[in-house]
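Examination of the molecular architecture
So the chains spell out like this:
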Amino acid sequence: MTLYGIDRDPEAIKRATSRLSPFENVNIIYGNHSDLEMIAQEEKIPGLDGIIGDWGISRELLENPDRGFAHKFEGPLDMRYSPDDPTTAADLLNTLPQDDLAAIIKKYGEERFAKPIAREIVKNRPLTKSSELSSIVHKVCPGKYEIKSLSRVYMALRVFLNEELDAIDNAMAAALKLLRVGGVLICLSYDSTEDKKVKRFFSHWSKKCHCPPEFPVCVCYTKPKLLVLTPKVITPGEAEIGENPYARSAKLRAAKKM
């Protein structure tokens, strides 16, 4: 049996390669899980017994000021998982029209003050450092909303820049093809948008019928492709959160291929 690992961050590749070096049959691949099906073809993988999709950002990235993912640290507005990607968060902030910026912050961050934040961003261009973006959010958002708004703005830019939601869709679709019968897909999400995607995917492929609701009887004769193993989402307990505060928002769902 072989373990394959995929990550977009070259530093994560180095860490995983080092930690797993004592073990045989481990293959760590620098790539995007959005390209899971293509990677499986390139690696000549005929099928998989299990897939774990961890959709979250690593603690190491969040705590590295040079990567610009967190508002808590001063650093460049980069936010790229892969340094090979050409566009940074600063590029988005300094070039996109105001309405586009507001739409991104609203859609991907669910931020109520998206429009005034976008307006201030455009007024204060160019932005290059995290402190400059954070000061704008601090100016626009009332005190009790500031910290949550900061987190939402940074998350929205990160998710949009790295096309994270499309990557989840592509990875789950590929997983359904690549898993052997009886194989298990486990998905770890860290915000409501990600978790809703996983929940909808599992619900769709575990249905016995895909006919329109107005049809009196089933005529599609669909056979479910997934059996949901987690009727209720699994969340971390107090002990795990105490050991790793970043786990507090984690949600785990699992399904088995029929």
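Attention here is on the structure that accompanies the text. (Residues numbered from 1 in each chain as written. Predicted model: local features only at pLDDT ≥ 70, side-chain atom pairs only at ≥ 80, totals over all residues. Heavy atoms only, no water.)

A word on the pattern of salt bridges. The full count for this structure, using the stated rule, is 14 salt bridges. Salt-bridge contacts for Asp 9 lead to Arg 67; the nearest nitrogen and oxygen are separated by 3.2 Å. Linking Asp 9 in the loop between strand 1 (3-7) and helix 1 (10-19) with Arg 67 in the loop between helix 3 (59-62) and helix 4 (89-95), this pair joins segments that are 58 residues apart in sequence. Judged by its relative accessible area of 14%, Arg 67 falls in the buried class. When salt bridges that share partners are traced, they join Glu 120, Lys 123 and Lys 139 into one network. (Salt bridge = Lys/Arg side-chain N within 4 Å of Asp/Glu carboxyl O. Helix = DSSP H or I, 4+ residues; strand = E, 2+ residues; numbered from the N terminus. Buried < 20%, exposed > 50% of the residue type's maximum accessible area, 1.4 Å probe, protein only.)

All chains considered together, the criterion is met by five aromatic pairs. Residues Phe 113 and Tyr 145 carry aromatic rings whose centres are separated by 5.7 Å and whose planes lie at 65 degrees to one another, so their mutual orientation is edge-to-face. Taken together, the residues span a long stretch of sequence, with Phe 113 in the loop between helix 5 (98-109) and helix 6 (114-123) and Tyr 145 in the loop between helix 7 (130-140) and helix 8 (146-161) at a distance of 32 residues. Given a relative accessible area of 18%, Phe 113 falls into the buried group. Following the ring pairs from residue to residue traces out a cluster consisting of Phe 201, Phe 202 and Trp 205. (Phe/Tyr/Trp six-rings, centres within 6.5 Å; stacked < 30°, edge-to-face > 60°.)

Where helix 5 contacts helix 6, the two axes come as close as 8 Å, and the packing angle between them is 135 degrees. One way to sum up the angle between helix 5 and helix 6 is to call them oblique. For the crossing formed where helix 5 meets helix 6, the hand is right-handed. Side by side, helix 5 and helix 6 meet where Gln 98, Leu 101, Ala 102, Ile 105 and Lys 106 of the first sit next to Ala 114, Lys 115, Ile 117, Ala 118, Arg 119, Ile 121 and Val 122 of the second. Of the residues in the contact of helix 5 with helix 6, the class split is eight nonpolar, one polar and three charged. (Axes fitted to C-alpha atoms, helices over the stretch in contact; angles between N-to-C directions. Parallel < 35°, antiparallel > 145°, perpendicular 65-115°, else oblique. Left-handed = near helix turned anticlockwise from the far one by under 90°. Contact = heavy atoms within 4.5 Å. Nonpolar A, V, L, I, M, F, W, Y, C, P; charged D, E, K, R; others polar.)

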